[in-house]
Amino acid sequence: MKNPNKRPSKREAFKRMFRGPKQIPELHELGLEINEILKRIKNISESREKYGTNNLGEGSEGQIELPARRVRQLLVPDFDDPAVVGFDQYKDDIVKQLLDDNIKRRCVVSIVGTGGLGKTTLARKVYNSPNVKAEFGLHRIWATISQNFELVDTLRNLLKEVLKKDVVQGEKEEYYRTKLYESLLEKKYLVVLDDVWPSKKVRDDVWTDTFWNQIKEGLLDTQNGSRVLITTRSLDVAKNFDSPYEPYELPYLTKEQSLDLLLKKTFPYQDPTEGYPNDLSDLAKEFVEKCGGLPIALVVLGGLLSKQPPNEHSWRKVMQKMNWRADAGKVLLTSYEDLPFALKSCFMYFALYPEDHVIRARALIRMWVAEGFIPHNNNGETLENTAEDFLEDLVQRSMVKVKERSPNNSILYCYIHDLLHDIAIRKAEEYNFLTVSDDQTSYSRARRVALHGKELKDANPNLRSLLCFNGIPNISRHRQLKVLSDMETFNGFLDRSHPYETLDLHLALTDELLESIWHIKTLRHVLLSKISYSFGPPPSIHMRNLQTLGGMKPRLSWKDQGLPELPCLRELHMEVEDEFPWEVVVAFIGTLKKLETLTILDVTPEQENDIRENFKHVHFKGLRGWSYTYFY
């Protein structure tokens with residue numbers, strides 16, 4: 001399969017020239033492309049000298065040869081942190097309200113604005129500001145509510161944020177509310193409730209009052225200056241919270257602010273006020289007019305233009321596609337249409353997740369690979385590494401946001417704006433790419449299903465992917481299923497004859513289910529529950545395709561009956577109990593000749609040194625505290 005992002009080679013270009021008269025109109029564009037390539041080569045060379053990056057990736061002795069992905073992570077600016085102009089003053093105003101010593105009671109501060117205006121971005125800037133961190137410390141809590149929120153999930157997520165670890169699932173609302181109350185006892189906290197919506201079924205005031213009463217019982221008021229910050233599109237919702245402060249209504253950007261933001265996103269490698277061509281000035285102002293001061297439209301349009309050659313011809317082509325004015329949806333749709341074919345499939349996959357859902361990047365990448373979205377290349381990169389490049393590309397285009405990166409700048413968690421989520425759903429449904437369920441619905445055609453309801457009913461027998469965010473799947477008849485993810489409830493076992501490649505499980509596994517997993521020969525990635533660790537593969541079993549294994553603990557039977565054979569395992573995350581023979585752990589790791597990444601929970605300093613000395617080729621991700629965060 002050809003790389004859709006690859007420009008034609010010189011040989012291919014000359015072939016195009018001599019195909020006949022029908023090709024003559026293309027020659028002018030081809031000439032422009034060749035000139036643009038020459039300009040880019042010159043700019044790259046000058047940039048390497050300017051920034052001292054001439055030797056990066058050349059693989060000289062004593063240096064580490066970096067793949068293109070790592071070079072980009074080191075050199076490019078932080079695309080996923082939208083530098084929305086004008087926000088510093090807004091941030092300072094809200095921080096002042098959060099830190100107001102004159103009001104000791106717990107009270108609500110509201111940010112109000114239409115979709116795409118930057119409410120969440122502003123809330124995150126407030127949340128991460130040094131003064132707020134210093135005042136509330138570890139007791140800053142973030143929860144996304146969204147349009148179709150479930151109270152029990154909101155309470156569980158709040159508790160998870162307070163405890164800084166996973167919490168047991170499947171309990172009643174009162175359980176999580178009580179635990180939340182106990183965890184915040186006598187603590188000064190800041191809770192952010194992002195994207196609060198009015199109800200579709202009852203009046204705004206009735207819904208808001210009910211919602212707040214249900215949440216605030218877990219957020220005790222000890223008269224110590226605790227705060228709740230909400231973002232919402234509805235001024236009526238904001239006004240119904242009991243607050244001494246008026247809702248903070250975000251304005252649209254001015255033309256000057258809009259132009260500043262557009263150019264920052266279009267020319268991220270340079271100072272746009274100095275570097276962008278003068279002949280693009282009028283076109284840039286036309287784009288600004290069409291975006292109507294809406295940050296999300298400007299940011300995504302800037303991401304689109306950053307992928308075009310910086311000349312009038314290319315920008316005119318973009319402009320011609322846009323017969324709209326001040327319509328964010330059409331800006332986003334144009335950016336989607338500009339994506340290469342493979343990236344379109346990757347982007348549509350986001351529609352499987354609930355609105356405002358924070359997605360684990362590594363899990364997403366594994367599912368893209370299992371789905372066959374990622375083309376092979378000839379540069380020696382693994383499919384997973386290519387998929388990571390694809391995700392970075394979507395981030396650069398401002399179609400995906402990054403919530404958190406690892407110390408080496410890899411994406412840990414990501415999400416998409418709800419307006420982009422709407423685009424993903426619309427295009428996925430248009431092409432029958434996937435189906436999202438929030439009730440007992442029939443899915444006779446879709447090959448990918450996200451279960452947001454209670455039951456999977458009448459699904460396509462050729463179903464390839466099933467994401468279970470809520471509900472009990474009956475998967476016995478789906479013999480083509482490759483991806484099974486986010487499953488919290490399951491009864492029975494997995495048929496070893498089915499071609500599963502990725503299992504991402506969030507439940508306590510029964511012995512029957514666990515044993516069935518280890519006999520599925522097609523598995524590439526197995527992530528078991530992080531809450532309750534399960535025993536790894538049985539002695540002497542051979543799993544030739546397994547590349548990722550997480551959430552396991554070694555079996556004592558390995559000592560006498562033989563170690564499992566996992567010749568292709570590249571990533572391993574496990575927990576070792578205190579009484580387990582350490583020499584068996586070392587022997588097991590020693591059999592993993594292709595191991596690249598290792599995480600072990602709860603090891604002693606002596607054991608850590610032992611691992612480091614014996615396996616110097618292995619990268620210890622999340623070594624500080626041996627956290628599983630970087631693995632999952």
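Residues numbered from 1 in each chain as written. Predicted model: local features only at pLDDT ≥ 70, side-chain atom pairs only at ≥ 80, totals over all residues. Heavy atoms only, no water.

The name given to the protein chain in an unreviewed UniProt entry is Disease resistance protein (CC-NBS-LRR class) family, and the organism recorded there is Rhynchospora pubera.

Would you mind going over the confidence of the model for the protein chain in detail, with residue names and values included?
Across the protein chain, the average pLDDT comes to 76, with 74% of residues at or above 70. Note on residues 36-83: pLDDT under 50 across the span, and 57 contacts to partners over four residues away in sequence or across chains. (pLDDT = per-residue confidence, 0-100. Contact = heavy atoms within 4.5 Å.)

Explain the pairing of strand β2 (residues 140-144) to me, and be specific about the residues and the numbers.
By the criterion of burial, β2 is predominantly enclosed, with four of the five residues buried. Note: β2 against strand β3 (residues 190-196), five bridges, orientation parallel. Paired with R140 across the strands is L190, a residue of β3. (Buried < 20%, exposed > 50% of the residue type's maximum accessible area, 1.4 Å probe, protein only. Helix = DSSP H or I, 4+ residues; strand = E, 2+ residues; numbered from the N terminus. Pairing = 2+ DSSP bridges.)

Before we move on, can you summarise the pattern of salt bridges with the specific residues and values?
Taken as a whole, this structure holds 28 salt bridges when the rule is applied. The partner of K427 in a salt bridge is E337, and the shortest N-O contact between them spans 3.3 Å. Here K427, found in helix α20 (residues 418-430), pairs with E337, found in helix α16 (residues 328-337); they are 90 residues apart in sequence, far enough to count as distant. Since its relative accessible area comes to 38%, E337 is described here as partly exposed. Taken together, the shared-partner salt bridges in this structure form one network comprising E173, E174, R177 and E217. (Salt bridge = Lys/Arg side-chain N within 4 Å of Asp/Glu carboxyl O.)

Run through unusual backbone geometry, naming residues and quoting values.
Here D195, not a glycine, exhibits a phi torsion of approximately 65°, which is positive. As for its position among the elements, D195 is in strand β3. Of the residues examined, D195 reaches a relative accessible area of 5% and is grouped as buried. Its identity is not glycine, yet D356 carries a phi of approximately 65°, on the positive side. Take D356: it is sitting in the loop between α17 (341-348) and β6 (359-360).

How would you sum up the sheet that holds strand β7 (residues 401-405)? Please name residues and give values.
Taking strand neighbours across the sheet as the criterion, the three strands line up as β6-β8-β7 in an open arrangement whose pairing is antiparallel. Two strands close off the open sheet at either side, each with one partner strand: β6 and β7. Taken strand by strand, helix α19 (residues 383-396) contacts β7 and β8 (411-415), and its axis lies near 50° from that of β8. (Axes fitted to C-alpha atoms, helices over the stretch in contact; angles between N-to-C directions.)

So what about empty space enclosed by the protein? Which residues, and what values?
A complete count under the given rule lists four cavities of 30 Å³ or more for this structure. A volume near 310 Å³ is recorded for the largest cavity. Around the largest cavity sit 24 residues that line it, and T120, T121, K401, H417 and D418 are the ones nearest its centre. Every element with two or more residues in the lining of the largest cavity is listed here: α5 (119-127), β3 and α14 (295-306). Split by residue class, the lining of the largest cavity holds nine nonpolar, seven polar and eight charged. (1 Å grid on protein atoms, 1.4 Å probe; cavity = no way out; pocket = protein on both sides within 12 Å on 5 of 7 lines; lining within 4 Å. Points joined across faces, edges and corners; volume = space filled by probe spheres on them. Nonpolar A, V, L, I, M, F, W, Y, C, P; charged D, E, K, R; others polar.)

Residue-level account of the nonpolar core, with values.
Judged by nonpolar contacts, the single largest core of 93 residues is most densely connected at Y349, F350, W368 and L391. Among the elements that take part in this core, α14 stands out by supplying eight residues, more than any other. Once residues lying within four places of it in the same chain are set aside, the contact partners of L391 are F350, A361, L364, I365, W368, V400, I411 and C414. By size, the runner-up hydrophobic cluster in this structure holds 46 residues, among which are L528, L572, F588 and V603. (Core = buried A, V, L, I, M, F, W, Y, C linked by side-chain atoms within 4.5 Å.)

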